[in-house]
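Per-entry structural report
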Amino acid sequence: MLVLVSNAGSTSLKFKLFDMPAETVLCEGRVERVGSAGGAIYHYRNPGRGIAFKEEKQNIPDYSRGIRRFLDSLLHSETGPVKAAGSGTIGLEDITAVGFKTVLAKGFSGVHLLDEAVLRAMEDYRFVAPVHNGAYLEAIARFREQLPKAQMVGVFETAFHATIAPERRIYALPYEWYEKYGVQRMGYHGASHSYIARTMAGTDAAGTAARRIISCHLGGSCSICAILDGKSVDNSFGFSLQAGVPHANRAGDLDPYIILYLLHEGMGMEELLEGLEKNGGMMGISGLSNDMRDLEKAACGGHERAQLALDIFVNAVQRYIGQYYVELEGLDALVFTGGIGENSPFLRKRICESVRSLGIELDGEANAQGMDAAGRRRLISSAASKAAVWVIAANEELGVARESYKLLQP
Ligand code: ADP
């Protein structure tokens with residue numbers, strides 16, 4: 001069964017075509033910096049067999065254009081995947097399902113066929129996750145047009161966090177707000193953190209089970225997750241994706257009275273939403289870019305606000321690691337994943353230095369090398385470190401493919 005997984009991040013689009021249940025990746029694509037300058041498309045055909053890698057520098061104004069470009073490459077004789085030797089290229093009609101790493105829907109969690117009721121429930125919470133639900137609703141609509149015969153499956157990001165205890169989930173607000181509106185700490189990035197939990201099962205420096213894990217998914221959106229015995233026990237996201245550590249364009253944790261005060265001062269809803277969704281986070285502090293590559297470079301060149309943005313980011317991650325260390329009563333493994341976590345030795349170093357009082361210590365050389373040759377993971381802590389530190393390539397798509405297959409298998 002061919003399952004195409006679509007991962008619409010806040011700044012990127014990723015696609016993977018799986019042959020299930022073998023879990024073979026036939027083709028993979030990535031569209032970077034959607035909606036801003038310096039965009040690029042990467043296309044890998046039969047990546048497991050090391051065939052054909054194509055990169056194009058091109059600005060991609062929106063998700064719709066990104067999806068179209070990916071489907072075009074899928075069908076192209078030079079870039080389209082080959083299922084098996086001599087079997088010819090794949091047609092769009094061969095794709096049984098499109099699996100989406102959907103974010104949230106009112107009253108739904110877990111894995112669902114994306115019928116009208118689920119889409120309406122995603123629409124109901126569009127206000128809570130405008131960037132993500134908006135992107136997915138658009139992506140789902142485009143895929144339905146392009147692949148009318150394929151089943152659309154949503155694997156919701158909140159499902160992995162259902163194990164978080166009420167005292168960490170419920171806000172100290174009037175209890176009726178929780179009952180009536182469902183206001184509570186949801187937790188997101190479930191596909192990523194659950195992949196880390198699964199990958200780390202039975203893995204620490206000594207080869208025994210890493211029971212207490214802090215998973216740092218740092219990318220355009222960032223979240224820290226405390227994992228105990230494979231289950232999520234805390235997560236830095238809140239009711240919406242606005243909470244936690246600062247994101248590329250979103251503030252992260254915030255005193256709610258700031259918003260009420262600005263409303264009181266006459267700021268309009270539109271300006272407030274723009275500030276929270278587009279003009280905040282790394283972009284807002286630096287005034288320069290939402291991308292850590294740009295900020296690291298600018299800070300090196302003496303750009304003070306780029307430096308400040310990096311410092312604020314590191315400080316926020318430090319706080320969550322400290323909190324979760326206490327909640328987990330110690331730590332076996334600290335894991336970095338996501339675009340920043342995987343690719344920035346500089347920020348991994350800064351973050352680990354900020355928690356050195358916990359006995360965490362990097363191996364400088366391993367950290368500089370990053371991911372191993374196969375691009376999957378590397379142990380980057382020193383032998384003296386009290387907790388293992390890993391960098392692991394996010395593979396949110398595999399979890400989505402597995403769940404989609406499970407739902408649809410005959
Ligand atoms: P999304 O949350 O949109 O899926 P990703 O997980 O793909 O995002 O992460 C994208 C981010 O990763 C970029 O915005 C950038 O900040 C960061 N990033 C990517 N490559 C590097 C790098 N080499 N060094 C530092 N940061 C990087």
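All figures in this text were calculated on a predicted structure; none of them were measured in a lab.

The rules behind the values
- Residues numbered from 1 in each chain as written.
- Predicted model: local features only at pLDDT ≥ 70, side-chain atom pairs only at ≥ 80, totals over all residues.
- Heavy atoms only, no water.
- Pairing = 2+ DSSP bridges.
- Helix = DSSP H or I, 4+ residues; strand = E, 2+ residues; numbered from the N terminus.
- Axes fitted to C-alpha atoms, helices over the stretch in contact; angles between N-to-C directions.
- Buried < 20%, exposed > 50% of the residue type's maximum accessible area, 1.4 Å probe, protein only.
- Contact = heavy atoms within 4.5 Å.
- Near = heavy atom within 4 Å.
- Polar contact = N/O pair within 3.5 Å; in protein donor to acceptor, adjacent residues only side chain to side chain.
- Areas by Shrake-Rupley, 256 points an atom, 1.4 Å probe, with all protein chains shown as cover.
- Nonpolar A, V, L, I, M, F, W, Y, C, P; charged D, E, K, R; others polar.
- Salt bridge = Lys/Arg side-chain N within 4 Å of Asp/Glu carboxyl O.
- Core = buried A, V, L, I, M, F, W, Y, C linked by side-chain atoms within 4.5 Å.
- Arc of directions from axis to C-beta.

1. Structural notes on the sheet that holds strand β10 (residues 222-228)
Pairing within the open sheet is mixed, and its 6 strands lie in the order β11-β10-β9-β12-β14-β13. Single-partner strands in this sheet number two, and they are β11 (231-235) and β13 (377-379). The mean angle between the axes of side-by-side strands here comes to 25°, regardless of whether they run parallel or antiparallel. Bridge count for strand β9 (residues 212-218) against β10 is 7 bridges, and the pairing is antiparallel.

2. Describing the environment of Ala316
When you line up the elements, Ala316 lands in helix α11 (residues 304-327). Take Ala316: its relative accessible area is 13%, and that puts it in the buried class. A sequence separation of 37 residues divides Ala316 from Asn279, and the C-alpha atoms of the two residues are 18 Å apart. Not counting chain neighbours up to four residues away, the residues in contact with Ala316 comprise Val245 and Pro246.

3. Quick notes on unusual backbone geometry
Here the bond from Met20 into Pro21 is cis, since omega is 10°, no more than 30 degrees from zero. Unlike most non-glycine residues, Arg33 shows phi in positive territory, near 50°. Among the structural elements, Arg33 can be located in the loop between β3 (24-32) and β4 (40-45). Non-glycine residue Glu329 carries a positive phi angle of around 55°. Within the secondary structure, Glu329 sits in the loop between α11 and β12 (333-337). Residue classification places Glu329 among the exposed residues on the basis of a relative accessible area of 69%.

4. Some remarks on the site of the ligand
Around the ligand sit 17 residues in total, of which Thr11, Lys14, Gly220, Met292 and Gly339 are the nearest. Take Gly220: an N or O atom from its main chain is 3.0 Å from an oxygen atom of the ligand. Here an oxygen atom of the ligand and a backbone polar atom of Ser221 are 3.1 Å apart. Within the complex, the protein chains bury 85% of what would otherwise be the 580 Å² of accessible surface of the ligand. Elements with a contribution of two residues or more to the shell around the ligand: α10 (292-300) and α12 (338-343). Counting residues per element, the shell around the ligand draws most heavily on α12, at 4 residues. Among the residues making up the shell around the ligand, the classes are represented as 2 nonpolar, 11 polar and 4 charged.

5. What about the pattern of salt bridges?
Where charged atoms from two side chains of opposite charge approach closely, those side chains can pair. Counted by the stated rule, this structure contains 19 salt bridges. Among the salt bridges present, the one from Glu145 reaches Arg142, with a minimum N-O distance of 2.9 Å. Pair noted here: Glu145 and Arg142 are both in helix α3 (residues 130-146), with a separation of 3 residues, about one helical turn. Residue Arg142 is classed as partly exposed on the basis of its relative accessible area, which comes to 23%. Two residues, Glu353 and Lys349, come together in a salt bridge whose shortest N-O distance is 3.3 Å. Of this pair, Glu353 and Lys349 both sit in helix α13 (residues 345-354), 4 residues apart, which is roughly one turn of that helix. Owing to a relative accessible area of 45%, Lys349 belongs among the partly exposed residues under this scheme.

6. Structural notes on the nonpolar core
Ranked by internal contacts, the top residues of the largest apolar core, which has 49 residues, are Leu4, Leu17, Phe100, Met122 and Phe143. Sorting the residues of this core by element identifies β1 (2-8), β2 (13-19), β3, α1 (63-75), β6 (95-100), α2 (116-124) and α3 as the ones contributing at least two each. Per element, the largest residue contribution to this core is 6 residues, and it comes from α3. Of all hydrophobic cores here, the second largest spans 43 residues; its members include Ala316, Val317, Ile360 and Ala393.

7. Some remarks on α2
For α2, the complete set of buried residues consists of Val118, Leu119, Ala121 and Met122. The buried residues of α2 occupy an angular sector of 160° when projected down its axis, which confines them to one face. Away from its buried face by more than 90 degrees, α2 exposes Arg120 and Asp124. On its buried side, α2 packs onto β7 (111-113) and α3.

8. Some details on the pairing of strand β8 (residues 151-155)
In terms of residue burial, β8 counts as a mostly covered element, since 4 of its 5 residues are buried. The sheet contact formed by β6 and β8 spans 4 bridges and is parallel. Residue pairing in the sheet places Gly99 in a bridge with Val153 of β8. Taken together, the 3 bridges between β7 and β8 define a ladder with antiparallel strand orientation. Across the sheet, residue His112 finds its bridge partner in β8, namely Gly154.

9. Digging into the pairing of β11
Extensive coverage of β11 is indicated by the burial of 4 of its 5 residues. Count of turn residues in the β10/β11 antiparallel hairpin: 2 residues, of which Asp229 carries a positive phi of about 50°.

10. Section: the environment of Ser36
Along the polypeptide, Ser36 turns up in the loop between β3 and β4. Overall, the relative accessible area of 35% leaves Ser36 in the partly exposed class. Between the C-alpha atom of Ser36 and that of Ile60, which follows or precedes it by 24 residues, the distance is 7.5 Å.

The values reported here are purely geometric and, on their own, carry no functional implication.
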